[in-house]
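Structural description and commentary
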Amino acid sequence: MKKIMVSRMALLTVCISIGLWGMTANAADMGWHGKAEVPHYQGQVFPPWQHGANNPAVKKGLNFTVPEVDDLADFHGSIDHPQLVIFVGGNYFFAMAPLVAAFEKEYPEIKGKIYYETLPPGILIRQMQQGNTITVGNMTWTIQPDVFAAGLKKVNYLIHQGLVLGPAVPYVTNDLTIMIAKGNPAHIETLRDLGKPGIRLSMPNPQWEGVARQIQISLRKAGGPALERMVYDTKVKNGETILTHIHHRQTPLFLMQGLADAGVTWKSEAIFQEQSGHPISNIPIPAKDNTTAIYASAVTKGAPHPKWAKDWVAFLRSPVALHIFEHYGFKPYHDAK
């Protein structure tokens, strides 16, 4: 009897071993390279980096935010009857929380009634062209903007398209920089270094991110058409350049995950990452190779809340707003005329 029990135990052990081997084999087949283990998860690396501070809603209810998994980092506030809806290019998502707080201090009656999106301008335009409707994951909603804010050329383009009313009102400028991991492990010094073989890049996608075209201009200034082709063609094809969907979040995220060595972003974004304590740094681009953006805003056509829209557009040029922008490296816009 004991022999039978021992045999059964041995058989069970063999079956378990085969099962575990099968699980390992399956894990390898599924891309885990035979190392099926609990991931070393670092939630602080993933957005939303301001931990809810960008949400202007007063009554937030249940907070169910799981970084990297359930997370709507570019949508802020409540869609339940807002009194001011702002579509703003995501190049200064980090500045929106203090801007909204300052605006609410000046106009207390609108507190908790502001909703805003900080997606790339090209994606915001596509949302507007789709009847202001957007789907993220399993959720679809429609929200009509009162204000559109982005680069001056993009705002003027929308005025020409009849989606936005003129005039475009400029307020600040921004310059480019090379964002790198802290310590600069890839030893990058200039834009020319981005064209070197083996340097992995995270770069904005020209299809919907206007900054990509300005980066291409700077690459041509620094290294001619050959450098631009290397970064935005050759390296895209060989996998050394990742084209982003939301450049203002993905580039630092890829750097912190070790998936890229560098990426060109606006200087303000690198400053925000450094101020947040993330292992991010940046390499200044000389003025002769740099490209300056002018940010502007305007009231949208058919804005549901035109009074608040006009107040917001005017507020962006106020000393209070400009002081907030300057904290992140923006400069006040001065008309050259």
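Because the structure is a prediction, the values reported are computed rather than measured.

**Some words on the side chain of Glu 117**
- Assignment of secondary structure puts Glu 117 in strand 3 (residues 114–117).
- Glu 117 gets classed as buried once you look at its relative accessible area, which sits at 0%.
- A distance of 2.7 Å separates the side chain of Glu 117 from the side chain of Tyr 115, its partner in a polar contact.

**Observations regarding the nonpolar core**
- Core analysis: the biggest nonpolar cluster contains 59 residues, and Tyr 92, Leu 99 and Trp 312 have the highest contact counts within it.
- For Leu 99, the residues in contact, after removing those within four places along its chain, are Tyr 92, Trp 312, Phe 315, Leu 316, Ala 321, Ile 324 and Phe 325.
- Grouped together as the second largest cluster of nonpolar side chains are 19 residues, Phe 75, Leu 119, Leu 124 and Val 164 included.

**Considerations on unusual backbone geometry**
- Following Gly 166, the chain continues into Pro 167 via a peptide bond in cis, with omega recorded as 0°.
- Examined against the element boundaries, Pro 167 turns out to sit in the loop between helix 4 (152–161) and strand 7 (169–181).
- In the Ramachandran plot, Asn 132 falls in the positive-phi region, its phi being about 65° despite a non-glycine side chain.
- Counting through the fold element by element, Asn 132 comes out in the loop between helix 3 (121–129) and strand 4 (133–136).
- Classification of Asn 132 as buried rests on a relative accessible area of 14%.

Rules and cut-offs
- Along every chain, residues carry numbers that run from 1 in the direction the sequence is written.
- Restriction of local features to residues with pLDDT of at least 70 applies here, the model being predicted, together with a cutoff of 80 or more for giving and counting side-chain atom pairs; totals for whole chains, interfaces and linings are based on all residues.
- Calculation of side-chain values draws on the structure's entire complement of heavy atoms; hydrogens and water are dropped beforehand.
- Helix numbers and strand numbers start at the N terminus; a helix is a DSSP run of H or I with at least 4 residues, a strand a run of E with at least 2.
- With a 1.4 Å probe rolled over the protein chains alone, any residue whose accessible area is under 20% of its type maximum counts as buried; one over 50% counts as exposed, and the rest are partly exposed.
- As used in this structure description, the phrase polar contact means that two N or O atoms lie within 3.5 Å; if the pair is within protein, one of them must be able to donate a hydrogen and the other to accept it, and residues adjacent in sequence are counted only when both atoms belong to side chains.
- In these notes, a set of buried Ala, Val, Leu, Ile, Met, Phe, Trp, Tyr and Cys residues joined through side-chain atoms within 4.5 Å is what counts as a nonpolar core.
- We call two residues contacting when some pair of their heavy atoms lies within 4.5 Å.

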